[in-house]
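Spelled out from the first residue to the last, the chains are:
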Amino acid sequence: MSAETDAVSTSAYSSPAKSLGDPGITPLSPSHIADSDADDAVEQLFLVVVAIDFGTTSSGYAYSFTKEPECIHVMRRWEGGDPGVSNQKTPTTILLTPERKFHSFGYAARDFYHDLDPTESKHWLYFEKFKMKLHTTGNLTMETDLTAANGKKVKALEIFAYALQFFKEQALKELSDQGGSDFENTEVRWVITVPAIWKQPAKQFMRQAAYKAGMASPENPEQLIIALEPEAASIYCRKLRLHQMIDLSNRAPVNGYSPSDTIGTGFTQGKEHVRRNRQSRTFMVENVIGEIWSELEEGDRYIVVDSGGGTVDMTVHQIRLPEGHLKELYKATGGPYGSLGVDYEFEKLLCKIFGEDFIEQFKIKRPAAWVDLMIAFESRKRAAAPDRTNPLNITLPFSFIDYYKKFRGHSVEHALRKSNVDFVKWSSQGMLRMSPDAMNALFKPTIDQIVQHLSEVFDKPEVTNVKFLFLVGGFAESPLLQQAVQSAFGSRCRVIIPQDVGLTILKGAVLFGLDPAVIKVRRSPLTYGVGVLNRFVEGKHPPEKLLVKDGTRWCTDVFDKFISADQSVALGETVTRSYTPAKPSQLVIVINIYSSEQDNVSFITEPGVKKCGTLRLDLTGTDASVPNRREIKTLMQFGDTEIKAMAVDVATSKSVKVGIDFLNY
């Protein structure tokens, strides 16, 4: 490659047209054919659908046999649950041995780690809340690391694969025990939920981890569906009957869950119904369409706010009757405003009282005791409510009190007196006593961000006339969040909370796995296109993009757009374009696929344009009768949670397929 052509390329990677042996492709007109009746892949028959809700703070699975889709079974109760916290899910914590082999997951990992002697525990690798790394890492790759509690690094892909493998084995074992014979992985369709606001690389990362865990394979990708959390919630909410939810608009605003006359009998019956069902762990999803649903008409809109441990995700859906298919009206938005924010505020408060230097040291030197302290905080956090008047007591682990005295030379009590944090007191039983106001203050920054973000969504023109707001996810159990959302938006729409709010996504994901076509129209999160050569037009094209080949003047690096960010795409919709080799004698066609978050992209060298796929089509070995204007059809299929691309040589019907890949470029 000569130095001067090198200098012309402005982008981080060299221009595809200028690399040798790849003169590129040029559009054949007509340039755009959209065709949505692509041949659907033959549906495989799975005996059971197992959905895994892999959460930031807690995880679980549920399943349903395809023969009886109205029964959703939530997994067995976990051993070692916490007081004051329902253990239908297990904490998303994982423990590796000092040799970096998988040891345990969930409560088991936490308890084992906790019981290790401190001299030993520093060699073990303990991970918690690691899912957020996929949201916060800008340039996620297969090599991205996670840091264990002891500071050692391990590849994120390994940790995610271990976690998914754990769930795979648990579920297969439970299914085998139940059926009395060994259940094969091939009989299962797996569904893994991810936040809708995750970028494409993170969604693809989850799929790679699942392949590594042996749930599905690149040869059999249909066995695994990546579902979006608020979509799963949306599917479940449509099935709700009145006794399965709490309508905040009918309820006195000050009450947390305290029984009061304003709730009416529906709620009490609902509680009774849930209590009976808890024993069986099987939830009947009524096949009749839920009562909420019967109030919705064609074109009605509702918003699902999924508030979990790490992220809050919002999606606006519109009903399309008669089958009640869903259409996404506004692309998913949200951010890292999950309940972890409350834990973070608590940690800031501890730093204020005891000093940041001490808290950092304590976490490293006594990691198990730090975990203990956060567990104690978690159960008190769940007791916070708008109308609470008595203080919340948080037990400090003995080693905290002891280590603080060694570290500072004075007592914890002294630190509290000196810190001037007047709403946190020391009780002689070794507890921090927090006034209800102090606890509520820890929630405020996170809840304010959620309300603020929701207000912005409500102000969008696509989001007028919303009938219902469904509040789901683990954080939606918080009466403080419920009250804030109700008081901010109760006048605009009805705020509804499903009874088993922490399991809503899990159950919706099972329903989605049974019928993935229920969501018919999505919004494309990115703009997609391919890099092409166009005939150079003076005055229209920038001079630095001029390339002269065999006497023809080409404009290089042109971004030929297939679909724009935020455009509506139907499920399975295929966009087809035809190209021809810029040079008739070419033996290999290389089509590079690019994506961008911007709607209007003219050149692949613009900032923010990323290469995310390559189609290589071999044109050798074809006979001489091939026309000299060869037609290469390129198809991209959208509307699913993941995107596929394909190129076909029309003359020979040779084709290549590729999944869009964000991790390896």
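Cut-offs used in this document
- Residues numbered from 1 in each chain as written.
- Predicted model: local features only at pLDDT ≥ 70, side-chain atom pairs only at ≥ 80, totals over all residues.
- Heavy atoms only, no water.
- Helix = DSSP H or I, 4+ residues; strand = E, 2+ residues; numbered from the N terminus.
- Buried < 20%, exposed > 50% of the residue type's maximum accessible area, 1.4 Å probe, protein only.
- Contact = heavy atoms within 4.5 Å.
- Areas by Shrake-Rupley, 256 points an atom, 1.4 Å probe, with all protein chains shown as cover.
- Arc of directions from axis to C-beta.
- Salt bridge = Lys/Arg side-chain N within 4 Å of Asp/Glu carboxyl O.
- Polar contact = N/O pair within 3.5 Å; in protein donor to acceptor, adjacent residues only side chain to side chain.
- Pairing = 2+ DSSP bridges.
- Axes fitted to C-alpha atoms, helices over the stretch in contact; angles between N-to-C directions.
- Core = buried A, V, L, I, M, F, W, Y, C linked by side-chain atoms within 4.5 Å.
- Parallel < 35°, antiparallel > 145°, perpendicular 65-115°, else oblique.
- Left-handed = near helix turned anticlockwise from the far one by under 90°.
- Phe/Tyr/Trp six-rings, centres within 6.5 Å; stacked < 30°, edge-to-face > 60°.
- pLDDT = per-residue confidence, 0-100.
- Nonpolar A, V, L, I, M, F, W, Y, C, P; charged D, E, K, R; others polar.

As annotated in an unreviewed UniProt entry, the protein chain is Heat shock 70 kDa protein 12A isoform X2 from Geospiza fortis.

1. Examining the overall build of the protein chain
Broken down by element type, the protein chain carries 17 helices and 34 strands. Relative to its 665 residues, the protein chain shows a buried fraction of 55%. For the protein chain, long-range pairs separated by at least 24 residues make up 71% of all intrachain contacts whose partners lie at least 6 apart in sequence. Summed over its atoms, the accessible surface of the protein chain is roughly 28700 Å², and 51% of this surface lies on carbon and sulfur atoms.

2. Comments concerning helix α11 (residues 356-365)
Within α11, the full set of buried residues consists of F358, I359 and F362. Buried residues in α11, looked at end-on, bunch into an arc of 95°, giving them a common side. Exposed side chains of α11 directed beyond 90 degrees from the buried face belong to E356 and I364. Here the buried face of α11 lies against α10 (340-354), α12 (367-381) and α13 (398-408).

3. Concerning the pattern of salt bridges
Where charged atoms from two side chains of opposite charge approach closely, those side chains can pair. Under the criterion given, the structure shown has 17 salt bridges. Residue K444 pairs with D448 through a salt bridge whose shortest N-O separation is 2.6 Å. A residue pair is termed a helical-turn pair when its members lie 3 or 4 positions apart in one helix, as K444 and D448 do in helix α15 (residues 436-458) at four residues. On the basis of relative accessible area, K444 is assigned to the partly exposed category, the value being 48%. Taken together, the shared-partner salt bridges in this structure form one network comprising K129, D343, E378 and K381.

4. Let's talk about the environment of N592
Note on placement: N592 falls in strand β30 (residues 588-596). The sequence separation of N592 and V532 amounts to 60 residues, and the corresponding C-alpha distance is 8.6 Å. A polar atom in the side chain of N592 sits 3.2 Å from the side chain of T614.

5. Some details on the sheet that holds strand β20 (residues 424-427)
Strand order in the open sheet formed by three strands is β19-β21-β20, with antiparallel pairing between adjacent strands. Edge positions in the sheet fall to β19 (392-395) and β20, since each has one partner strand and no second. For this sheet, the mean angle separating the axes of adjacent strands, direction not counted, is 30°. Pairing between β20 and strand β21 (residues 431-434): four bridges, direction antiparallel. When the sheet's bridge partners are listed, S427 is paired in β21 with M431. Each of β19, β20 and β21 touches α10; the most contacted strand, β21, lies at about 115° to it. Lying on the sheet, α15 is in contact with β19 and β21; it crosses β21 at an angle near 85°.

6. Some details on the sheet that holds strand β9 (residues 125-128)
Strand order in the open sheet formed by three strands is β8-β7-β9, and the pairing between neighbours is antiparallel. The two strands at the open ends of the sheet, each matched to only one other strand, are β8 (102-105) and β9. Averaged over all pairs of adjacent strands, the angle between their axes in this sheet comes to 15°, without regard to strand direction. Pairing geometry for strand β7 (residues 93-96) and β9, over four bridges, is antiparallel. Within β9, the residue paired with T93 across the bridge is E128.

7. Quick look at α13
Because an α-helix completes one turn every 3.6 residues, residues spaced three or four positions apart along the sequence face the same direction. Where α13 is concerned, the buried positions are S399, F400, Y403 and Y404. In a view along the axis of α13, the buried residues occupy a sector of 130°, so they form one face of it. The exposed residues of α13 that point more than 90 degrees off its buried face are F398 and K406. In this fold, the buried residues of α13 make contact with α10, α11, α12 and α14 (412-419).

8. Let's talk about the side chain of H541
Secondary-structure assignment places H541 in the loop between β25 (527-535) and β26 (546-549). Take H541: its relative accessible area is 10%, and that puts it in the buried class. Discounting chain neighbours no more than four positions away, the residues touching H541 are N534, R535, F536 and C555.

9. Here we look at the nonpolar core
Counting 141 residues, the largest nonpolar core has F127, F160, F354 and L469 as its most contacted members. Here the element with the most residues in this core is helix α5 (residues 156-179); it accounts for 12 residues. Leaving out residues up to four positions away in the same chain, F160 has contacts with F54, F130, K131, L134, L146, F205, M206 and A209. Formed by 29 residues, the second largest nonpolar core is a distinct cluster that contains I563, I589, L617 and M636.

10. Some remarks on the packing of α10 against α15
Two numbers describe how α10 lies on α15: the axes approach to 8 Å, and their chain directions differ by 135°. On the basis of their axis angle, the class for α10 and α15 is oblique. In this structure, α10 meets α15 at a crossing whose hand is right-handed. Contacts between α10 and α15 involve G341, V342, E345, F346 and L349 on the former and, on the latter, L442, F443, P445 and T446.

11. Brief notes about the packing of aromatic side chains
In total, this model carries 29 aromatic pairs according to the counting rule given. Judged by centre distance (6.3 Å) and plane angle (35°), the ring pair of Y403 and F407 falls under tilted. Of this pair, Y403 and F407 both sit in helix α13, separated by four residues, roughly a single helical turn. Taking the relative accessible area as the measure of exposure, F407 reaches 31% and is therefore partly exposed. Members of the aromatic cluster, each reached through a chain of ring pairs, are F354, F358, F362, F400, Y403, Y404 and F407.

12. So, the pairing of β21
Burial of β21 is one-sided: the residues L432 and M434 facing one way are buried, the residues M431 and R433 facing the other way are not. Across four bridges, the pairing between β19 and β21 is antiparallel. Within the sheet, the bridge partner assigned to I394 lies in β21 and is L432. Connecting β20 to the next strand, β21, in antiparallel fashion are three residues, including G430 with a positive phi near 80°.

13. Observations concerning the confidence of the model for the protein chain
Model confidence for the protein chain is summarised by a mean pLDDT of 77, while 79% of its residues fall at 70 or above. For residues 1-21, every residue scores under 50 in pLDDT, and the model assigns this stretch 33 contacts once sequence neighbours within four places are set aside. Taken together, the stretch residues 30-42 has pLDDT below 50 and engages in 20 contacts with residues farther than four places along the chain or on a different chain.

14. Quick look at the environment of V532
Looking at the secondary structure, you find V532 in strand β25. Along the primary structure V532 and T556 are separated by 24 residues, whereas in three dimensions their C-alpha atoms are 6.8 Å apart. Not counting residues up to four positions away in its chain, the partners in contact with V532 are I25, P27, C555, T556, D557, V558, D560 and Y579.

15. Focus on the packing of α10 against α12
Viewed as axis vectors pointing N to C, α10 and α12 meet at an angle of 120°, and their least axial separation amounts to 11 Å. When the axes of α10 and α12 are compared, the pair comes out oblique. The hand of the α10/α12 crossing is right-handed. For the pair formed by α10 and α12, the contact residues are V342, D343, F346, E347 and L350 on the first element and W370, L373, M374, F377, E378 and K381 on the second. The class makeup of the residues in the contact of α10 with α12 is seven nonpolar, no polar and four charged.

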